[in-house]
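Secondary and tertiary structure notes
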Amino acid sequence: MTKRKMFFRMITASLIRRRSRMLVALLAIAVGATILSGLVTIYYDVPRQMGAAFRNYGANMILLPDAGNGAFNSQTVDEALSLIAADQIVGVAPYRYETVAINEQPILVAGTDMAGAKAASPYWFINGTWPENENELLLGQEVAQILSAGEGDTLTMVYTLSEADEDNPVSQTSEQRFKVVGVLETGGSEEEYVYISMADLEKLTQPAGELDVVELSISASQSELEGYTQTISDRVDGALAKLVKRVTQSESTVLTKLQSLVLLVTIIVLALTMICVATTMTAVVTERRKEIGLRKALGASDASIIWEFMGEGLLLGGVGGLLGAGLGFAFAQAVSVNVFSSSIAFRPLLLPITVIVSILVTGLACILPVRSATEIDPALVLKGE
Amino acid sequence: MSLLELKNVSKIYGDLHALDNVSLKVDTGEWVAIMGPSGSGKSTMMNIIGCMDKPSKGEVLLDGVDISKESAKSLTRIRRDKIGLIFQQFHLVNYLTAVENVMVSQYYHSMPDEKEAMQALERVGLADRAKHLPSQLSGGEQQRVCIARALINYPELLLADEPTGNLDEANENIVLDIFSQLHKEGTTLVVVTHDPEVAEVAQRTITLGHGKIMKDMINENFGR
Ligand SMILES: Nc1ncnc2c1ncn2[C@@H]1O[C@H](COP(=O)(O)OP(=O)(O)OP(=O)(O)O)[C@@H](O)[C@H]1O
Ligand SMILES: [Mg+2]
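Keep in mind that what you see is a predicted model, and the values were worked out from it rather than measured.

Calculation rules
- Within any chain, residue numbers begin from 1 and follow the written order of that chain's sequence.
- The order in which chains are written sets their letters, starting at A; the order in which ligands are written sets their numbers, starting at 1.
- Per-residue local features of the predicted model are confined to residues with pLDDT of at least 70, and side-chain atom pairs are confined, for both listing and counting, to 80 or more; whole-chain, interface and lining totals are unaffected and use all residues.
- Side-chain measures were taken over the full set of non-hydrogen atoms in the model, leaving aside hydrogen atoms and water.
- Note on conventions: DSSP H or I runs of at least 4 residues are helices, E runs of at least 2 residues are strands, and numbering of each starts at the N terminus.
- The atom set for the radius of gyration is the C-alpha atoms, and the globule formula is 2.2 Å times the number of residues raised to the power 0.38.
- For every residue, the accessible area (1.4 Å probe, protein chains only) is compared with the maximum for its type, and the residue is labelled buried under 20%, exposed over 50%, or partly exposed between those bounds.
- Working rule for contacts: check all heavy atoms of both residues, and any pair within 4.5 Å makes them a contact.
- Each accessible area is a Shrake-Rupley result for a 1.4 Å probe, and residues are judged covered by the shown protein chains and nothing else.
- Accessible area, probed at 1.4 Å, shrinks when two parts are joined; the buried area is that loss added up over both.
- Between Lys or Arg on one side and Asp or Glu on the other, a salt bridge is scored when a side-chain nitrogen of the former is within 4 Å of a carboxyl oxygen of the latter.
- Definition of a polar contact: a pair of N or O atoms within 3.5 Å, with one able to donate and the other able to accept a hydrogen when the atoms are protein atoms, and with sequence-neighbouring residues admitted only if both atoms are side-chain atoms.
- Gly counts as polar in this scheme, as do all residues outside two lists: the nonpolar Ala, Val, Leu, Ile, Met, Phe, Trp, Tyr, Cys and Pro, and the charged Asp, Glu, Lys and Arg.
- Only when DSSP finds a minimum of two bridges between them are two strands counted as paired.
- Only the stretch in contact is used when a helix axis is fitted, and all axes are lines through C-alpha atoms; the angle between N-to-C directions ranges over 0 to 180 degrees.
- Segmentation of the chain into domains, including their bounds, is taken from an automatic or database domain assignment.
- Residue-level confidence of the predictor, termed pLDDT, takes values from 0 up to 100.
- In this scheme, patches are assembled from residues that exceed 30% relative accessible area and form no salt bridge. Like charges are connected within 9 Å, while nonpolar side chains (Val, Leu, Ile, Met, Phe, Trp, Tyr) are connected within 5 Å.
- The charge count includes Lys and Arg as positive and Asp and Glu as negative, but it does not include His or the ends of the chains.
- Here the site of a charge means NZ on Lys, CZ on Arg, CG on Asp, or CD on Glu.
- Being near a molecule or strand, for a residue, comes down to having at least one heavy atom within 4 Å of it.
- A pair of cysteine sulfur atoms is labelled a disulfide when the two atoms are within 2.5 Å.
- By convention a nonpolar core is built from buried Ala, Val, Leu, Ile, Met, Phe, Trp, Tyr and Cys residues, the set being connected through side-chain atoms within 4.5 Å.
- Between 30 and 60 degrees the pair is tilted, below 30 it is stacked and above 60 it is edge-to-face, where a pair is any two Phe, Tyr or Trp rings, Trp via its six-membered ring, whose centres lie within 6.5 Å.
- Cation placement over rings: the criterion is NZ of Lys or CZ of Arg within 6 Å of the ring centroid and within 35° of the ring normal.

Along the backbone of chain A there are 11 helices and 10 strands. Computed over the C-alpha atoms, the radius of gyration of chain A is 34 Å, more than 25% above the 21 Å expected from 2.2 N^0.38 for a compact globule of 385 residues. With 385 residues in all, chain A has 48% of them scored as buried. Sequence separation of 24 or more characterises 81% of the internal contacts of chain A that already satisfy a separation of 6 or more. Total accessible area on chain A stands at roughly 18,600 Å², and carbon and sulfur atoms take up 59% of it.

Another point: the interface of chain A and chain B. Facing the 32 residues of chain A at the interface are 29 residues of chain B. Interface area for chain A against chain B, summed over the two sides, is near 2,800 Å², with a carbon-plus-sulfur share of 62%. Seen at the junction of chain A and chain B, the total is three salt bridges. Note that Glu100(B) is salt-bridged to Arg9(A), the shortest N-O span being 2.8 Å. Taken together, the links from chain A to chain B amount to 14 residue pairs in polar contact (both at pLDDT 80 or more). When contributions to the side of chain A that touches chain B are tallied by element, the ones reaching two or more residues are α1 (3-17), α9 (289-297) and α10 (302-340) of chain A. The dominant element in the side of chain A that touches chain B, judged by the number of residues it contributes, is α1(A), at eight residues. Among the residues making up the side of chain A that touches chain B, the classes are represented as 13 nonpolar, six polar and 13 charged.

Moving on, we get to the sheet that holds strand β4 (residues 57-62) of chain B. All names here are of chain B. Strand order in the open sheet formed by four strands is β2-β1-β4-β5, with antiparallel pairing between adjacent strands. Two strands bound the open sheet, and with one partner strand each, they are β2 (16-27) and β5 (65-66). Relative to β2, strand β1 (residues 2-13) runs antiparallel, the two being bridged by eight bridges. From the neighbouring strand, Ser 2 faces β2, where its bridge partner is Asp 27. Contacting β1, β2 and β4, helix α1 (residues 42-49) crosses the sheet at an angle of about 125 degrees to β1.

Here chain A is partitioned into domain 1 (3-53 + 252-382) and domain 2 (59-243). The straight-line distance from the C-alpha centre of domain 1 of chain A to that of domain 2 of chain A is 58 Å.

Moving on to the confidence of the model for chain B. Of all residues in chain B, 99% attain a pLDDT of 70 or more, and the chain-wide mean is 90. Model confidence for the complex: the whole-complex pTM is 0.72, and ipTM, which rates the interface, is 0.89.

Attention shifts here to the sheet that holds strand β8 (residues 188-192) of chain B. Residues and elements named next belong to chain B. Pairing within the open sheet is mixed, and its six strands lie in the order β6-β7-β8-β3-β9-β10. Since the sheet does not close on itself, it has two edges, and those belong to β6 (83-86) and β10 (212-218), each with one partner. Pairwise comparison of adjacent strand axes, ignoring direction, gives a mean angle of 15 degrees for this sheet. Pairing geometry for β6 and strand β7 (residues 157-161), over four bridges, is parallel. Residue pairing across strands places Gly 84 opposite Leu 158, the latter belonging to β7. Against the sheet, α1 contacts β3 (31-35), β6, β7, β8 and β9 (204-209), and its axis sits at roughly 150 degrees relative to β7. Contacts from helix α6 (residues 169-185) reach β3, β6, β7 and β8 within the one sheet, and its direction differs from that of β3 by about 135 degrees.

All names here are of chain A. Residues Glu 163, Asp 165, Glu 166 and Asp 167 make up a contiguous surface patch of negative charge. Within the element layout of this structure, Glu 163 appears in the loop between β6 (154-162) and β7 (172-185). By relative accessible area, which is 60% here, Glu 163 ends up exposed.

Inspection of the region around ligand 1 gives 13 residues, with Ser38(B), Gly39(B), Lys42(B), Ser43(B) and Thr44(B) positioned closest. Those chains with residues close to ligand 1 are chains A and B. At a separation of 2.5 Å, an oxygen atom of ligand 1 approaches a polar side-chain atom of Thr44(B). About the coverage of ligand 1: the protein hides 62% of its 630 Å² of free accessible area.

A few words on the state of the cysteines. All names here are of chain A. In total, this model carries zero disulfides over all chains according to the counting rule given. In this structure Cys 366 is a free cysteine whose sulfur lies 12 Å from that of Cys 276, the closest cysteine sulfur available. Taking relative accessible area as the criterion, Cys 366 reaches 0% and is therefore assigned buried.

A grouping of Leu264(A), Ile268(A), Leu272(A) and Ile275(A) is seen on the molecular surface, where their side chains present a nonpolar patch of about 400 Å² in accessible area. With respect to the helices and strands, the residue Ile275(A) is situated in helix α8 (residues 245-287).

This paragraph deals with the nonpolar core. One finds Leu6(B), Met45(B), Leu121(B) and Phe179(B) to be the most contacted residues of the largest nonpolar core, which totals 103 residues. Looking at this core element by element, the count peaks at seven residues for helix α3 (residues 98-109) of chain B. Apart from residues lying up to four places away in sequence, Phe179(B) is in contact with Trp31(B), Ile86(B), Ile147(B), Leu158(B), Ala160(B), Pro163(B), Leu189(B) and Val191(B). Leu63(A), Leu211(A), Leu216(A) and Tyr228(A) belong to the second largest nonpolar core, which has 21 residues in total.

Our focus in this paragraph is the pairing of β7(A). Residue and element names in this part refer to chain A. Alignment of strand β4 (residues 125-128) against β7, held across four bridges, turns out to be antiparallel. The residue bridging Asn 127 from the neighbouring strand is Val 183, located in β7. Of the strand pairs in this sheet, strand β5 (residues 136-140) and β7 are connected by five bridges, and their pairing is parallel. Each bridged residue has a counterpart across the sheet, and for Gly 140 the counterpart in β7 is Leu 184. The sheet contact formed by β6 and β7 spans eight bridges and is antiparallel. When the sheet's bridge partners are listed, Met 157 is paired in β7 with Gln 176.

Once that is clear, we can look at the packing of aromatic side chains. The geometry of an aromatic ring pair is captured by two quantities: the separation of the ring centres and the angle between the planes. In the structure shown here, the tally under the stated rule is 10 aromatic pairs over all chains. Geometrically, the ring pair formed by Tyr43(A) and Tyr44(A) is edge-to-face, given 5.2 Å between the ring centres and 80 degrees between the ring planes. Ring geometry for Trp124(A) against Tyr195(A): centres 5.2 Å apart, planes inclined by 55 degrees, an arrangement best described as tilted. Here Trp124(A) is found in the loop between α4 (114-120) and β4, whereas its partner Tyr195(A) is found in strand β8 (residues 193-197), with 71 residues between them in sequence. For Trp124(A), a relative accessible area of 9% gives the class buried. Looking at Tyr195(A), the relative accessible area reads 3%, which means it is buried. Of the aromatic side chains, those joined through ring pairs into one cluster are Tyr95(A), Tyr97(A), Trp124(A), Trp130(A), Tyr193(A) and Tyr195(A). Positioned above the aromatic ring of Tyr107(B), the side-chain terminus of Lys3(A) is 5.2 Å from the ring centre.

Now the structure itself:
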């Protein structure tokens with residue numbers, strides 16, 4: 001039998017046959033490793049989760065016309081979107097605003113892409129349904145009050161193509177009839193508009209006009225977003241990109257705070273694990289003073305004593321880490337499902353990292369107790385204690 | 001030639017002379033019993049001879065090497081290479097089986113060899129108990145495991161401090177039989193004991209009192 005085999009036989013025998021004591025240390029390490037791997041998973045997943053959650057609060061970037069630098073139309077928007085990673089785009093809502101008359105009252109109408117508006121502004125509350133067909137409209141709550149109209153009513157929109165002047169005594173207008181299918185409640189200025197599809201607006205105004213603003217909801221980090229605004233403004237003629245500061249900043253503030261909290265908790269838990277392991281190991285060394293004295297009396301060098309105890313500690317660290325990596329993922333999954341109601345993908349890299357960190361933490365925790373083991377006097381075994 | 005020589009050795013704790021100017025020679029192959037009342041310095045002497053402690057004064061020559069001048073590290077090496085230790089409290093590693101306990105000694109000395117360890121257990125009549133843990137062995141059996149462990153590396157000097165102190169008559173006889181066999185094979189034995197019967201079977205009996213050698217006599221009846 002080789003020395004190494006005997007070494008492993010001794011340390012595994014110590015762990016297996018002296019279960020009760022080592023179980024405490026193992027438990028401490030496993031709990032520490034669980035929280036470590038769980039929190040690290042959450043730490044890396046939180047931006048994605050939070051981003052998704054924040055996308056509920058509406059657009060975080062807008063595109064505006066860059067006056068005098070080219071047209072701002074759907075082609076410009078497509079060009080800008082091609083600069084953003086497709087899987088990060090949550091919603092795109094182009095808006096073109098015109099003033100029309102409904103029941104002789106001047107009303108602001110917004111032409112948009114209904115599906116895009118729905119995706120970019122998930123918080124919009126609709127009484128009724130979103131317009132799906134031609135000549136259907138969505139009425140802002142305030143406009144609904146002004147017109148005393150509601151779901152199911154039919155409204156006629158009049159658009160002035162050209163004002164009456166000396167040459168044309170009669171002003172030219174176009175007219176379209178719309179059916180109200182929903183009333184929009186947001187609590188904000190969105191309620192002051194009437195929403196129709198871009199195609200309907202173009203039918204009303206005849207020549208295709210330019211867009212006024214495009215709202216984008218993008219699932220990306222603050223720095224990525226900043227990069228996108230820069231490249232779009234630089235590379236796309238006719239468009240300027242801006243971040244909606246109110247949304248992006250609160251998102252990144254919450255994120256930074258949450259991540260530092262997670263980091264802090266992880267460090268505290270690791271420190272506690274270390275203290276627990278160090279305490280257990282100190283108790284173990286005290287408990288095994290006689291055995292250590294005996295081993296020294298049999299000719300064990302300080303180095304072999306250190307390696308035997310370290311070996312036990314590191315083996316515990318490895319097993320605890322392995323347990324913790326698995327449990328930690330389950331823990332992170334549970335948190336994710338309960339808090340963010342979405343699941344997390346397992347990160348294979350986390351397994352070796354958790355195991356290595358557990359081994360390191362245990363090793364560190366063992367240094368002092370193991371050093372004290374070498375100070376035990378072999379003569380103590382001859383004393384009939 | 002003497003295997004062990006103590007020259008004016010003293011061990012002083014504060015103003016207590018646990019050993020007081022002791023001089024002593026033990027020849028290779030000799031079987032020496034050390035007697036004396038409690039507190040007379042027997043264990044102190046064993047610790048010094050066993051390279052686990054250093055004298056306050058004097059020289060201790062083991063195989064011609066003055067171990068009173070060696071560093072703790074080389075004392076460990078000398079202890080490992082030359083000395084077999086047997087204690088009153090059996091001192092086995094409680095989570096290792098009998099054969100593994102014997103192998104621990106091989107492990108620190110050179111190479112663990114399960115077959116050889118089994119042979120050592122056979123020699124003390126414990127082959128069928130090899131896979132038992134110390135808690136599953138009787139006191140006498142445990143002490144025999146200790147003897148097997150002390151013998152496994154063929155030490156030049158076997159030191160035993162009260163080896164039969166916790167044993168009944170029958171087990172005491174088994175242990176003494178093993179000692180006498182070892183003596184026949186040429187092992188040098190130094191055995192501390194309170195028990196006159198254990199001292200009687202040795203070749204020579206040294207009696208300590210207050211840290212001094214009071215009597216040093218050859219046993220006329222030795223071997224009979
Ligand atoms: N580390 C120590 N510090 C102080 N005094 C000690 C120490 N070790 C031993 N002594 C003292 O030295 C004297 C001799 O002790 P020793 O252990 O050698 O006695 P002993 O002959 O083995 O006794 P026993 O038969 O009871 O085992 C005792 O008075 C003891 O109190
Ligand atoms: Mg004693």
